[in-house]
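# Topology and contacts: notes
Okay, here's what each chain looks like letter by letter:
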Amino acid sequence: MSQKVLLNEKEVNIILHRLACQLIEKHNDFSNTVLIGLQPRGIFLANRIAKILREDYKVKNIQLGLLDITFFRDDFRRGEKPLEANTTVINFLVEDKTVVFIDDVLYTGRSIRAALTAIQSFGRPNEIQLLTLIDRRFSRHLPIQPDYRGRQVDVINNEKVKVNWKENDGEDSVYLINK
Ligand SMILES: O=P(O)(O)OC[C@H]1O[C@H](OP(=O)(O)OP(=O)(O)O)[C@H](O)[C@@H]1O
Ligand SMILES: O=c1cc[nH]c(=O)[nH]1
C-alpha cells in the first residue's frame, strides 16, 4: 500500500474557511438554512464548518443536524454482516428550509442519493444543496454534483481518498491511498 498527501493541515484549514465564506455569501444570516452532516464521516466536516461560521464569522443562527443513511442505501441488504446504524439528530424543522448536506467525499453519489431519501422523513425542504471537501471527478454513478467543493481530484478506481480529522484521526489531512 502506498499513500500520497493530497492536502495538509494548512491547506485543509484554508479550504474550510473558503467553504464557510461561500456559504455566507449564499445564505446570509442562515435564518432559512440548516446544515446536515452525513454520518459517519461527514459530521467532522459539518462540525468544523459550523464552528468556523459561529466563532470566526459570528453567524448566530447556525442549525446543525446529523443524518444517518445506513438503511437508505441501495446496497444495504447486500452485505454479509448485520448493519449498525449511526445516530440521527435533527432538532429543528426542515420544512421549507434550504438544507445543506455536508459530506467529506463525493464519489459515486450513492450516499447522497440515500440522504435525499432519508431526509424526506423529516419534511419537505424548499431546496437541498451539497457541500463536499473532496469531489472525485469522473466517478459518478448518478447525476449528483456538489454546490460547494473543497478540491476536485482525479482518482483511479483502485485508489481511495481518506480524509483525516484531528479530533478523530489525530491530524487534519487528506491522503490518496493506493491499495
Ligand atoms: O459517493 P459515494 O460513492 O457514496 O462515496 C462517498 C462516501 O464514501 C465515504 O463513506 P464510507 O467510507 O462510509 O463509504 P465507502 O465504504 O463506500 O467508502 C464518504 O464518507 C462518503 O460518505
Ligand atoms: O475515495 C473514496 C471513495 C469513497 N469514499 C471515500 O471516503 N473515499
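Residues numbered from 1 in each chain as written. Chains lettered and ligands numbered in written order. Predicted model: local features only at pLDDT ≥ 70, side-chain atom pairs only at ≥ 80, totals over all residues. Heavy atoms only, no water.

As a further point, take helix α1 (residues 9-27). In this model α1 runs 27 Å from its N-terminal to its C-terminal C-alpha over 19 residues, within 8% of the 27 Å that 1.5 Å per residue would give. Within the span of α1, buried status applies to Val12, Ile15, Leu16, Leu19, Ala20, Leu23 and His27. Each buried residue of α1 sits inside an arc of 140 degrees when the element is viewed along its axis, so together they form one side. In this structure, α1 carries Lys10, Ile14 and Glu25 as exposed residues pointing more than 90 degrees from its buried face. By the N-cap criterion, in which a side-chain oxygen at the helix start approaches the backbone nitrogen of a residue two or three places on, α1 is capped by asparagine 8, the distance to lysine 10 being 3.2 Å. Looking at the residues trailing α1, positive phi occurs at asparagine 28, about 50 degrees. (Helix = DSSP H or I, 4+ residues; strand = E, 2+ residues; numbered from the N terminus. Expected span 1.5 Å × (residues − 1). Buried < 20%, exposed > 50% of the residue type's maximum accessible area, 1.4 Å probe, protein only. Arc of directions from axis to C-beta. Polar contact = N/O pair within 3.5 Å; in protein donor to acceptor, adjacent residues only side chain to side chain.)

Here we take up the site of ligand 2. Surrounding ligand 2, one finds Val105, Tyr107, Arg136, Lys160 and Val161. Note that an oxygen atom of ligand 2 is positioned 2.5 Å from one of the side-chain N or O atoms of arginine 136. In isolation ligand 2 has 240 Å² of accessible area, and contact with the protein removes 77% of it. Here the shell around ligand 2 is built from residues that sort into 3 nonpolar, no polar and 2 charged. (Near = heavy atom within 4 Å. Areas by Shrake-Rupley, 256 points an atom, 1.4 Å probe, with all protein chains shown as cover. Nonpolar A, V, L, I, M, F, W, Y, C, P; charged D, E, K, R; others polar.)

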